[in-house]
Amino acid sequence: MNKPSPSIPGELPEGPPVNETWLSRLWPLLVGATVGVALRLVFSGKPETGGIFIAMGWSFVYLAPVVVGAATVYVAERRMPRSAGYHFRAGALANLLFVVGTMAVLLEGLICAIVIVPLFMVLGGLAGLLMGVICRKLIWPRTALYSLGALPLVLGALSGAAPPPHTIERMERSVVIAAPPGTVWAQIHAVRDIQPDEVGHAWMYRIGVPLPHSGVTQDTPQGKVRQITMGKSIHFEQVVQDWEENRHVRWTYRFLTPEGSGATRLDIRMDYRVSTDFNWYAKPVAALLFDNFGRVILDLYARRSAAAATAPTGSPPAARAPAAG
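Not measured: the values here are computed from a predicted model.

Description of the pairing of strand β4 (residues 223–230)
Note: strand β3 (residues 212–220) against β4, eight bridges, orientation antiparallel. Across the sheet, the residue bridging to P212 is M230, located in β4. Connecting the antiparallel pair β3 and β4 is a turn made up of two residues. Where β4 lies against strand β5 (residues 234–239), six bridges are found, and the strand directions are antiparallel. Bridging across to β5, Q227 finds its partner in E237. Count of turn residues in the β4/β5 antiparallel hairpin: three residues, of which K232 carries a positive phi of about 60 degrees.

Written as structure tokens, this is what we have:
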């Protein structure tokens, strides 16, 4: 059903009813997303190199999605009046397209995109509602949009490269394994051929972190070092800081405690740093990811240790076949 075009003096011209095509419906979203990608190109500064216009700064994270949502609704309202529900949906969807666009031009990676999308969509939707009100109530909505669009640029230039606040968080988890400490200890220090179905259900791996392949502790001239290999040719080392055979090892986060009756409690503790201008949002997201990661890793060691404990004496556990599909 056709609707009359808006009548806002000086900004949104009057005219006859219009018929919308799929392109006219998509056009406001494309304009809003393009505005967002353009802002991201401007905010290409790196915190480690100093300078201004840093993408992880608050002026971009809080205001860029607002500008995207406002621009989207303004373009839509120029053609015909829309409902408040449309204003919120359009502002949110334009921000989703904006983030996808930054990935398409290789400005953002999958992990950052997935983490930030919910925040951007909510801010964009609220900005869409605000711009809908502005278009109906103000005489010059275009001026309001331009002023809003200038805010992240002005504040991004003024904020400079001040280091963001940071906090140290901790994740702790435990599992009781039906295997003696020596068996669990051996699995921790020589876990090889990790299959995707053993750890792939961890959220951080599902959003793009490469899967682990192995973790093997070796003696080196500098002491014991755990060699970690992951997908995409990633390799790093965990230097042992404290070692008590079959009891305790500290790379910073794993501990063993005998439970009696041939069982062992395996604890994992991970200290991690959250350092953004939006820690109120990043901290719970990081906590969810690390808590899920700890649960998956403990499950890996528990299943492997239990299998090794029940294997015939003197015979190594059978190698796992790759998961189907």
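Remarks on the nonpolar core
Counting residues in each nonpolar core, the largest one holds 58 residues, and the members touching the most others are F60, F98, I116, F120, Y205 and L266. Beyond its immediate stretch of four places on either side in the chain, Y205 contacts V199, G200, P210, L211, P212, M230, F293 and I297. Core analysis: the next-biggest nonpolar cluster, separate from the first, contains twelve residues, A70, V73, I134 and C135 among them.

A short note on the layout of surface pockets
Its volume calculated, the largest pocket comes out at about 790 Å³. Counting residues per element, the ones that place at least two in the lining of the largest pocket are α2 (58–79), α3 (84–104), α4 (110–137), β9 (263–275) and α9 (279–310).

Some thoughts on unusual backbone geometry
One non-glycine residue with positive phi stands out, namely D193, at about 50 degrees. Of note, D193 is situated in the loop between β2 (190–191) and α7 (196–199). Positive phi is not limited to glycine here, since N246 has a value of about 60 degrees. Along the chain, the position of N246 falls in the loop between β6 (242–244) and β7 (248–250).

Thoughts on the pattern of salt bridges
Within this structure, the stated rule accounts for eight salt bridges. Ionic pairing is found between R303 and D299, a salt bridge with its closest N-O pair at 2.8 Å. Remark: D299 and R303 occur in helix α9; sequence separation between them is four residues, near one turn of the helix. Bridged by salt links that share partners, the residues E198, D299, R303 and R304 form one connected network.

Observations concerning the sheet that holds β4
Reading across from one edge, β2-β3-β4-β5 is the order of the four strands in this open sheet, with antiparallel pairing throughout. A single partner strand is all that each edge strand has here, and the edge strands are β2 and β5.

Concerning the packing of aromatic side chains
For the structure shown, the criterion picks out eight aromatic pairs. Seen from their ring centres, F43 and F53 are 5.2 Å apart, and the 80 degrees between their planes marks the pair as edge-to-face. Of this pair, F43 sits in the loop between α1 (22–42) and α2 while F53 sits in the loop between α1 and α2; the two residues are ten residues apart in sequence, bridging distant segments of the chain. Arranged with centres 4.9 Å apart and planes meeting at 80 degrees, the rings of W185 and W243 form a pair that is edge-to-face. Of this pair, W185 sits in helix α6 (residues 181–189) while W243 sits in strand β6, placing them 58 residues apart in sequence. Here a set of aromatic residues connected by ring pairs shows up, and it is made of F43, F53, F60, F98 and F120.

A closer look at the confidence of the model for the protein
Within the protein, residue pLDDT values average 80, and 82% of them lie at 70 or more. For the protein, the element scoring lowest by mean pLDDT is strand β8 (residues 254–260), at 53; α3 scores highest, at 94. Low confidence marks residues 1–10, where pLDDT is under 50. Its contacts with residues over four positions away, or in another chain, come to 31 contacts. Across residues 316–325 the pLDDT falls below 50, and counting only partners more than four positions away or on other chains, this stretch makes ten contacts in the model.

Focus on the environment of F278
Structurally, F278 is set in the loop between β9 and α9. Distance in space between the C-alpha atoms of F278 and Y62 is 8.6 Å, their sequence separation being 216 residues. Each residue touching F278, except ones within four places of it in the same chain, is listed here: M56, V61, Y62 and I116.

Focus on the packing of α3 against α4
Close contact between α3 and α4 brings their axes to 6 Å; oriented N to C, the two are set at 145 degrees. When the axes of α3 and α4 are compared, the crossing they make is right-handed. Across the contact of α3 with α4, the residue classes break down as 16 nonpolar, seven polar and one charged.

Some details on a nonpolar patch on the surface
A cluster of nonpolar side chains, namely F88, V122, L126 and L129, defines an oily patch on the protein surface of about 310 Å² accessible area. Considering every element that reaches the nonpolar patch, the biggest residue donor is α4, with three residues. By relative accessible area, which is 32% here, L129 ends up partly exposed.

Cut-offs used in this document
- Residues numbered from 1 in each chain as written.
- Predicted model: local features only at pLDDT ≥ 70, side-chain atom pairs only at ≥ 80, totals over all residues.
- Heavy atoms only, no water.
- Pairing = 2+ DSSP bridges.
- Helix = DSSP H or I, 4+ residues; strand = E, 2+ residues; numbered from the N terminus.
- Core = buried A, V, L, I, M, F, W, Y, C linked by side-chain atoms within 4.5 Å.
- Buried < 20%, exposed > 50% of the residue type's maximum accessible area, 1.4 Å probe, protein only.
- Contact = heavy atoms within 4.5 Å.
- 1 Å grid on protein atoms, 1.4 Å probe; cavity = no way out; pocket = protein on both sides within 12 Å on 5 of 7 lines; lining within 4 Å.
- Points joined across faces, edges and corners; volume = space filled by probe spheres on them.
- Salt bridge = Lys/Arg side-chain N within 4 Å of Asp/Glu carboxyl O.
- Phe/Tyr/Trp six-rings, centres within 6.5 Å; stacked < 30°, edge-to-face > 60°.
- pLDDT = per-residue confidence, 0-100.
- Axes fitted to C-alpha atoms, helices over the stretch in contact; angles between N-to-C directions.
- Left-handed = near helix turned anticlockwise from the far one by under 90°.
- Nonpolar A, V, L, I, M, F, W, Y, C, P; charged D, E, K, R; others polar.
- Patch = residues over 30% accessible without salt bridge, like charges linked within 9 Å, V, L, I, M, F, W, Y side chains within 5 Å.
- Areas by Shrake-Rupley, 256 points an atom, 1.4 Å probe, with all protein chains shown as cover.

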